[in-house]
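Spelled out from the first residue to the last, the chains are:
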Amino acid sequence: MSILVDENTRVIVQGITGGEGKFHAEQMIEYGTNVVAGAVPGKGGQEVHGVPVYDTVDRAARAEDADASVVFVPPAFAADALFEALDAPLDVVVAITEGIPTQDVSEVYEQLRRTDTRLIGPNCPGIITPGEAKLGILPGNIFTDGDVGLVSRSGTLTYQIVDSLTQRGIGQTTAIGIGGDPIIGTDFIDALELYEADPDTKAVVMCGEIGGEDEEDAARYIAEYMDTPVVGFIAGRTAPPGKRMGHAGAIVSGSGTGTAASKINALESAGVPVGDTPSVVADHVENIL
Amino acid sequence: MRLHEYQAKRLFDEAGISTPKSTLASSVEEAVEAAESIGYPVAIKAQVHVGGRGKAGGIELTDTAEEAREAAEDIIGMELKGYTVDRVLVEAAVDFINELYVGVTMDRGAGKPVAMVSTKGGVNIEEVAENDPDAIAREHVDPASGLHPYQARKAVYDAGVDRAVAGDVAAILSTLYDLWDETDGSDAEINPVMITDEGEVVAADAVFNVDDDALFRQSEIAQLEGETSGDDLEAMAGEYGFDYVRLDGNVGIIGNGAGLVMTTLDLVDYYGGAPANFLDIGGGAKAGRVRNALEIVFADDNVDAVVFNIFGGITRGDEVARGINDALEAFDEIPNPVTVRLAGTNSEEGMEILNTDLVTVEETLEAAVQRSVADAEEVAQ
C-alpha cells in the first residue's frame, strides 16, 4: 500500500521535450512508472522515449486516460501549465519547477481550492512509492519498499534520512518532498492525513526546516488526530534571523517566528520525538517498529 | 530584491502616493544644496536597509545649513551594521499629528496576499504584531480579483483610523496593493503614513521588496541598483549564483540542497564546532562550480577546516570529485584541511577519483562532520 501514487497511476510529463523533462521522463520510465503521455504546446505528434506527445494536457489526459502529471515547465510558463493540469482535471499534479514567481503560485493555489486535485510542490523533488512509481527527480535506487511514510520540505535531506533508514533495513510506503517554497500545494498536515489513513504506514518521518509555521500546525494536528507514531527532524537550528537559507521559504523572521527551537518544542509537546541527527531519527523509527 | 527608500518613493510618486519633497545626494555639498532648496527643517536619511536606522544614527533632523552639513558629514561614509552609507536622502520634515502603518505582503500560511492597516504607525510593526495583534486590521485578498475598494475601506475603519482621513488612507492602501501586484512585490510597507494638521496623508518611509523570481518580467525594477550585501564574500557568491550566508564560526561548509546544507551546519554545531557559512552549490553542479565554491570558502579568513557533504540525486559524485581535485591540485599548499563525504548518484566512482593525498574521505555524514570539527580545532590552536 501507499499514498497518492502507485503502479496504476497514469502519468503525463508536461515539458517532456525540454532537457530536464526528457531526462527525468526516461528515469521515471526506467523506474517502472507508467508514463503514458507528454504534453508540450506545438509538439503534438512527436514521441519521446516511446511516449506520445500531445499539444494540450486535456488531449493527453483524454487520449491516454491519464490521472496525474509531473511539471518540468520553466518558471515563466509554469503557472499556466499548472492551471492547465488543474483544468484537465487530474488527481495528482507534481510541480518540480523551481523559481515560479510567488504571486503566480498564489493564483494557482486559489484555483486549487476549487478543485479536488492534489498539487505537490512547486520547487519539490516529487513523490515515490518504492517499486511502483516515482513522479519527480528523486534517485529511485536509494528507496526500498517498507512501512515508513516520509514527508519532507527538502530534497537532498530526504535522501539523507532515507539513507539512514536503509542502513537499518527500514523501507518506505511512500516518500513525498513537499517543496521549500513559501506557498505549496500539499503541506505537512495534508501528507500526515494521508499516511494516517494508510493501514500499511506504521510510522511517519516528518522533516521540517526553519521558516513559516507549518511544522507547528502539523504538531497540533498530530496531537489531536494521529494514532500512527511520528518522528521529527528539523533543519536550521543554527540559522541566523533574517537570512534566507537557500529555500525561498527557509527564513527566520526578524521577530523570531519560524525558528527551529519553536518547531522542535511544538513537536516534542505533541509527543513526537525529534532526532538531533539523521541517524538519531533512524534510532527512533527503529524503536517504534 | 530590496529597493532603497528613494527608489521605493519614486515608485510611490509615480503611482500617486504622495511623499515628502526629497532629493538624493551622494556628497556633503549635494546634501547641503538639496537642503537649502527644499527648505528647513529637513531630514538627512542614510540609504541603507538596516533595522533601527534612526537609532543607529542614520537619520538626523536639521534646521540650518550648518546642521545639514554636519549631519551629511556624519552620515555619508558611516558604517551601519556592516553597510557603508554612500548616499543620503535629503527630505522635507513633515509636521504630523498622527502616524499610521499601511502594508501589503504574502501570507504564506493562507497562500494569498494580505493588506494591513494599523494606527500603531512609526514603531516596529513586527513587535505590534506579536504583542498587540488586534491593533492590525488585515484583509486577505483573492489574487485573481485584487483588493476590492470595500476591503480597503473595511481595513481602514476596522483599524480605527480617524474618519476625517479614512478615505485618503483607503486610497493609499488600494494604490499600494495595485503597485505591489503589478511589480511582483513580496513586501510593501509604509511606516509611517503621516497625517498632517491640515489633513494631508503622506508616505514618510517606504519599504518595497520585489520577488527575485519575478525579475525576469520586471525589467525596469531589475535595472535599478538594488541593495547588495555589504559582505564581500556574499557579493562574490551572488555573482557565482550560489546561495551563501556567512556566519562567524571556523568550519567551512559546502553541500547540495538547502535542507541538507542546513543539517550539515546543525551537525557541526552539535559536535561542538562552529559553522563559518552556509553554501549550497545547487542541483546538478559540475566540476567548475565546485571549484568556485571552494574558492569562496577558502577566501574566508575565519575558516580553519572545510567539510563537503554531497548527496547526489541529480548531482553526480564523480563530477564533484573532479571539481575538488582540480581546485586543490592548483594549490602548492592547501589552505585548510578538507573532508569529503559523497553519497548517492555515482558516489562510488567519486570516492575512487578523489585524491586522498589532498582530502580526507569519510563514509558517513556524522563521521565527516566530526572529522572536520576536530581539524578546525587543531588548526585554530
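Residues take numbers from 1 onward in each chain, read along the sequence in its written order. Ligands are numbered from 1 and chains lettered from A, in the order in which they are written. Totals for whole chains, interfaces and linings use all residues, but because this is a predicted model, local features are given only for residues with pLDDT of at least 70 and pairs of side-chain atoms are given and counted only at 80 or more. The basis for every side-chain value is the complete set of non-hydrogen atoms in the structure, without hydrogens or water.

Undergrad: Looking at this structure, how should I read the overall build of chain A?
TA: Helix and strand definitions follow DSSP, with helices as H or I runs of at least four residues and strands as E runs of at least two, each counted in order from the N terminus. Along the backbone of chain A there are nine helices and 13 strands. Against the globule reference of 19 Å for 289 residues, chain A gives a C-alpha radius of gyration of 18 Å, in line with a compact fold. Its C-alpha atoms give chain A principal-axis dimensions of about 55 × 40 × 30 Å. For chain A, buried positions account for 60% of its 289 residues. Put simply, 74% of the contacts in chain A that link residues at least 6 apart link residues at least 24 apart. All accessible areas in this document rest on Shrake-Rupley with a 1.4 Å probe, and a residue is counted as covered only by the protein chains that are shown. Total accessible area on chain A stands at roughly 10,200 Å², and carbon and sulfur atoms take up 44% of it. Computed over 17 positive and 43 negative side-chain charges, the inter-centroid distance for chain A is 5 Å. Atoms counted for the radius of gyration: C-alpha only. Globule rule: 2.2 Å times residue count to the power 0.38. Each residue gets one of three labels from its accessible area relative to the maximum for its type: buried under 20%, exposed over 50%, partly exposed in between, using a 1.4 Å probe on protein chains only. By definition in these notes, contact holds between two residues if any of their heavy atoms fall within 4.5 Å. When charges are counted, Lys and Arg are positive and Asp and Glu negative, with His and the chain ends excluded. A single reference atom marks each charge: NZ on Lys, CZ on Arg, CG on Asp, CD on Glu.

Undergrad: What exactly am I supposed to notice about the interface of chain A and chain B here?
TA: A common way to state how big an interface is: give the accessible area lost once the parts meet. Contacts between the two partners involve 51 residues from chain A, matched on the other side by 48 residues from chain B. Joining two parts hides part of their accessible area as seen by a 1.4 Å probe, and the buried area is that hidden amount summed over both. Of the roughly 3,900 Å² buried between chain A and chain B, counting both surfaces, carbon and sulfur atoms make up 56%. On the chain A side of the contact with chain B, Gln 103, Thr 238 and Met 245 of chain A bury the most area, a combined 17% of that side's loss. Any Lys or Arg side-chain nitrogen located within 4 Å of an Asp or Glu carboxyl oxygen qualifies as a salt bridge. Put simply, chain A and chain B have five salt bridges between them. Contributing elements (two or more residues each) for the side of chain A that touches chain B: α4 (102-112), α5 (155-166), β13 (230-235) and α9 (278-288) of chain A. The element contributing the most residues to the side of chain A that touches chain B is α4 of chain A, with seven residues. Of the residues in the side of chain A that touches chain B, the class split is 19 nonpolar, 20 polar and twelve charged. Polar here means any residue other than Ala, Val, Leu, Ile, Met, Phe, Trp, Tyr, Cys and Pro, which are nonpolar, and Asp, Glu, Lys and Arg, which are charged; Gly is therefore polar.

Undergrad: What should I look at first to understand the packing of aromatic side chains in this one?
TA: Two aromatic rings are characterised by how far apart their centres lie and by the angle between their planes. Residue and element names in this part refer to chain B. A pair of Phe, Tyr and Trp rings is counted when the ring centres sit within 6.5 Å of each other, with Trp represented by its six-membered ring. The angle between the planes then sorts it: under 30 degrees is stacked, over 60 is edge-to-face, the rest tilted. Going through the model one piece at a time under the given rule, you end up with seven aromatic pairs over all chains. Ring centres of Phe 12 and Phe 208 lie 6.4 Å apart, and the angle between their planes is 75 degrees; on these two criteria the pair is classed as edge-to-face. With Phe 12 in helix α1 (residues 5-15) and Phe 208 in strand β12 (residues 207-210), the pair connects residues that are 196 residues apart, well separated along the chain. Phe 12 gets classed as buried once you look at its relative accessible area, which sits at 0%. When its relative accessible area of 0% is taken as the criterion, Phe 208 is described as buried. Relative to Trp 180, the ring of Tyr 177 has its centre 5.5 Å away and its plane inclined at 35 degrees; by these criteria the two rings are tilted. Placement of both Tyr 177 and Trp 180 in helix α7 (residues 163-182) is noted, with a separation of three residues, approximately one turn of the helix.

Undergrad: For this particular structure, what's the right way to read the packing of helix α7 (residues 214-225) of chain A against helix α8 (residues 260-269) of chain A?
TA: Each pair of packed helices gets described by two things: the angle between the helix axes and the distance between those axes. Residues and elements named next belong to chain A. At their nearest, the axes of α7 and α8 sit 8 Å apart, and the two run at 5 degrees to each other. What the angle tells us is that α7 and α8 run roughly parallel. Where α7 abuts α8, its residues Asp 214, Glu 215, Glu 216, Ala 219 and Ile 222 lie against Ser 262, Lys 263, Ala 266 and Leu 267. Residue composition of the contact of α7 with α8, by class: four nonpolar, one polar and four charged. Axes here mean lines fitted to C-alpha atoms, for a helix over just the part in contact, with angles spanning 0 to 180 degrees between N-to-C directions. In what follows, roughly perpendicular refers to angles from 65 to 115 degrees, roughly parallel to angles under 35, roughly antiparallel to angles over 145, and oblique to any angle outside these ranges.

Undergrad: Which parts of the structure should I look at to understand the pairing of strand β8 (residues 112-118) of chain B?
TA: It is a general feature of regular strands that their side chains alternate between the two faces of the sheet. Residue and element names in this part refer to chain B. Among the seven residues that make up β8, seven are buried, leaving the element largely enclosed by the rest of the structure. Only strands joined by at least two bridges in the DSSP assignment are considered to pair. Note that strand β7 (residues 96-107) and β8 share seven bridges and pair antiparallel. By the bridge assignment for β8, Tyr 101 is matched with Ser 118. Between β7 and β8, which pair antiparallel in sequence order, lie four residues; one of them, Gly 111, sits at a positive phi of approximately 75 degrees. Across five bridges, the pairing between β8 and strand β9 (residues 136-140) is antiparallel. Paired with Met 116 across the two strands is Arg 138, which belongs to β9.

The analysis is restricted to geometry; functional conclusions fall outside its scope.
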